[in-house]
Structure formats: structure tokens, C-alpha cells
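Structural characterization, general
The residues making up each chain are set out below.
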Amino acid sequence: MTVEMFDFKSALKRTKLNPVQKMTLSNRFKGREFPMPSEQDNVYQVAFGETVINIRAAENGLLPDEMDLIADVLSRARKNEQKAMIDMLTVIQVYPLAQETADTLIKEWGENGVESKLIAGPALESVAN
């Protein structure tokens, strides 16, 4: 089975980040490719109060150290921590996360009262069986 890929820069326009953020991230992730959505991905619905997003965990998704790099770039570009967090939520909806990264974020968010649930993927199917 061939997995279709997309490069970091091609999806960057969907993030609505500012030009400095886009330029910095595209330079840092030059040549990095990600898998297109597939049935093999675990999809989680995460609710931050009224804001509900879906995140995707996939093989070859963003690793924890890559997420740290992105968070660093976004927080340096925005002096306002809330805007940096909104930027990060935008990024994690566009790019797939490694399962380890998704697990870490969901655990951290859960400790802060953020609700999340698995809504699709192999992990959900294994729970159902």
C-alpha cells in the first residue's frame, strides 16, 4: 500500500500564520513530508471549552521534539501567549502528529480539564472489538 505524502510547506498556507512564522517554519522543516489522511490514522476530538478541534495521529506525524520547535517559533513570533496557543491549535489541525505526540498532548490537556475522545481509527476499532 502506497501512502500519499505532502510536504510541510504545501500545507502551511492553510495555517493562517503570519509571514515571519511561515518563513521560519518552512526553513526549519524543509523537505519534511507528512502522510495524507488515511483510515489508519487515529482521530481525536478535543474540546477547549466552546472550541472543538480534531487532531490526527499518524505514522510519520510530528514528533514531540518537532512540536517543541514549532511551539518555540510560534511563541517567539507572538508576544501574546494566547495568540501563540491559537496558532499552535491551528498547526496541529493541519499536520498529523505522531501517536506519541498526540498521547502526550491529550494527557497534558486532560490535566488542565480539557476533554478529548478518540472518534476514528484503528485504536477505536480495537476498543470496540
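Residues numbered from 1 in each chain as written. Predicted model: local features only at pLDDT ≥ 70, side-chain atom pairs only at ≥ 80, totals over all residues. Heavy atoms only, no water.

Brief notes about unusual backbone geometry
The phi torsion at Lys-16 lies on the positive side, around 60 degrees, for a residue other than glycine. The backbone phi angle of Asn-60 is positive, close to 70 degrees, even though this residue is not glycine. Within the element layout of this structure, Asn-60 appears in strand β4 (residues 51-62). We classify Asn-60 as partly exposed; its relative accessible area is 47%. (Helix = DSSP H or I, 4+ residues; strand = E, 2+ residues; numbered from the N terminus. Buried < 20%, exposed > 50% of the residue type's maximum accessible area, 1.4 Å probe, protein only.)

Description of the pairing of β4
Pairing of strand β3 (residues 42-48) with β4 involves seven bridges; the strand directions are antiparallel. Counterpart to Asn-42 in the pairing with β4 is Ala-57. Linking two consecutive strands that pair antiparallel, namely β3 and β4, is a turn of two residues; a positive phi of about 65 degrees is found at Gly-49 within it. (Pairing = 2+ DSSP bridges.)

Considering the sheet that holds β4
Spatially, β4-β3-β5 is the arrangement adopted by the three strands of the open sheet, whose pairing is antiparallel. The two strands at the open ends of the sheet, each matched to only one other strand, are β4 and β5 (115-120). With direction set aside, neighbouring strand axes in the sheet form an average angle of 30 degrees. Packed on one face of the sheet, helix α4 (residues 81-94) meets β3 and β4 and runs near 55 degrees to β4. (Axes fitted to C-alpha atoms, helices over the stretch in contact; angles between N-to-C directions. Contact = heavy atoms within 4.5 Å.)

Section: the pattern of salt bridges
A complete count under the given rule lists five salt bridges for this structure. One salt bridge in this structure joins Arg-78 and Asp-87, with 2.8 Å as the shortest N-O distance. Relative accessible area serves as the criterion here: at 6%, Asp-87 is assigned to the buried category. Ionic pairing is found between Glu-111 and Lys-107, a salt bridge with its closest N-O pair at 3.5 Å. Linking Glu-111 with Lys-107, this pair stays in helix α5 (residues 99-111), spanning four residues, or about one helical turn. (Salt bridge = Lys/Arg side-chain N within 4 Å of Asp/Glu carboxyl O.)

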